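Results of the structural survey
In case you want the letters, here they are:
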Amino acid sequence: MSLESVKAFFAARQADIAIIELDVSTATVAEAAAAHGVEPGRIAKTLAFRLSDGREVILVARGDARIDNRKFKDAFGKGKMLPPDEVEAITGHPVGGVCPFGLARELPIYLDVSIQAFDEVLPAAGAVHSAVRISPDRLGDITAGQWVDVCQAFA
């Protein structure tokens, strides 16, 4: 059903974005990079956090990025990644297929500036074998995502 919610999300926005469905798992950054023949950084991983004030937020970052705790606290205050058993209930997507499209409920979406290093990134599309190819700017536009800088710097 999650893949269907992503398709409905794109249709509602009249976005002509092809969903890539593969016969192999793309549930991890390494699997997705290998399956799509790209470097791990181009995989746009989607993480779900619960902030200390109780809000849940979505963060999209490059696949090889690590959260910088100081930057994260400066941007959001304290927060923790959601445990896997809560991720699907909150996002509507299974772990490994979580994406900022077609969420089960409206959640604030943040895009880390780390993905701007690429002209095209590949976030999942609601299933553990799906993705889309999209520019960071279009990703921001279609999700109404807010840009943040919460990952460690890359050389």
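Predicted, not measured: the structure shown is a model, and the values here were computed from it. (Residues numbered from 1 in each chain as written. Predicted model: local features only at pLDDT ≥ 70, side-chain atom pairs only at ≥ 80, totals over all residues. Heavy atoms only, no water.)

Section: the pairing of strand S2 (residues 43-51)
- For S2, the tally of buried residues reaches 7 of 9 residues, placing the bulk of the element in the interior.
- Of the strand pairs in this sheet, S2 and strand S6 (residues 122-123) are connected by 2 bridges, and their pairing is parallel. When the sheet's bridge partners are listed, Ile43 is paired in S6 with Leu122.
- Sheet topology places S2 next to strand S3 (residues 56-62); 7 bridges connect them, and they run antiparallel. (Buried < 20%, exposed > 50% of the residue type's maximum accessible area, 1.4 Å probe, protein only. Helix = DSSP H or I, 4+ residues; strand = E, 2+ residues; numbered from the N terminus. Pairing = 2+ DSSP bridges.)

Some thoughts on the UniProt feature "domain: YbaK/aminoacyl-tRNA synthetase-associated" (unreviewed entry) in the protein
- Summarizing the sequence annotation, UniProt attributes the feature "domain: YbaK/aminoacyl-tRNA synthetase-associated" (unreviewed entry) to residues 25-139 in the numbering used throughout.
- Helix makes up 24% of residues 25-139 and strand 24%. Its end C-alpha atoms lie 23 Å apart. (UniProt positions renumbered as here; feature names shortened; annotations may be inferred.)

Notes on the environment of Val24
- Among the structural elements, Val24 can be located in the loop between strand S1 (19-21) and helix H2 (29-36).
- Using a relative accessible area of 45% as the deciding quantity, one classes Val24 as partly exposed.
- For Val24 and Trp147, which are 123 residues apart along the polypeptide, the C-alpha to C-alpha distance reads 31 Å.
- Those residues within four positions of Val24 in sequence are excluded, and the remaining contacts are Ala35, Val128 and His129. (Contact = heavy atoms within 4.5 Å.)

Observations regarding the environment of Ala8
- Looking at the secondary structure, you find Ala8 in helix H1 (residues 2-12).
- Note on Ala8: relative accessible area 46%, which makes it partly exposed.
- Along the sequence, Ala8 and Gly102 sit 94 residues apart, while their C-alpha atoms lie 7.1 Å from each other.

Considerations on the packing of aromatic side chains
- Taken as a whole, this structure holds 6 aromatic pairs when the rule is applied.
- Between Phe76 and Tyr110, the ring centres sit 4.8 Å apart and the planes meet at 80°, which makes this aromatic pair edge-to-face. Of the two residues, Phe76 is situated in helix H3 (residues 69-76) and Tyr110 in strand S5 (residues 109-112); the sequence distance between them amounts to 34 residues.
- Phe76 gets classed as buried once you look at its relative accessible area, which sits at 11%.
- Residue classification places Tyr110 among the buried positions, given a relative accessible area of 10%.
- An aromatic cluster of at least three residues, connected via ring pairs, comprises Phe49, Phe72, Phe76 and Tyr110.
- The positively charged end of Arg13 is found above the aromatic ring belonging to Phe9, 3.6 Å away from the centroid. (Phe/Tyr/Trp six-rings, centres within 6.5 Å; stacked < 30°, edge-to-face > 60°. Lys NZ or Arg CZ within 6 Å of the ring centre and 35° of its normal.)

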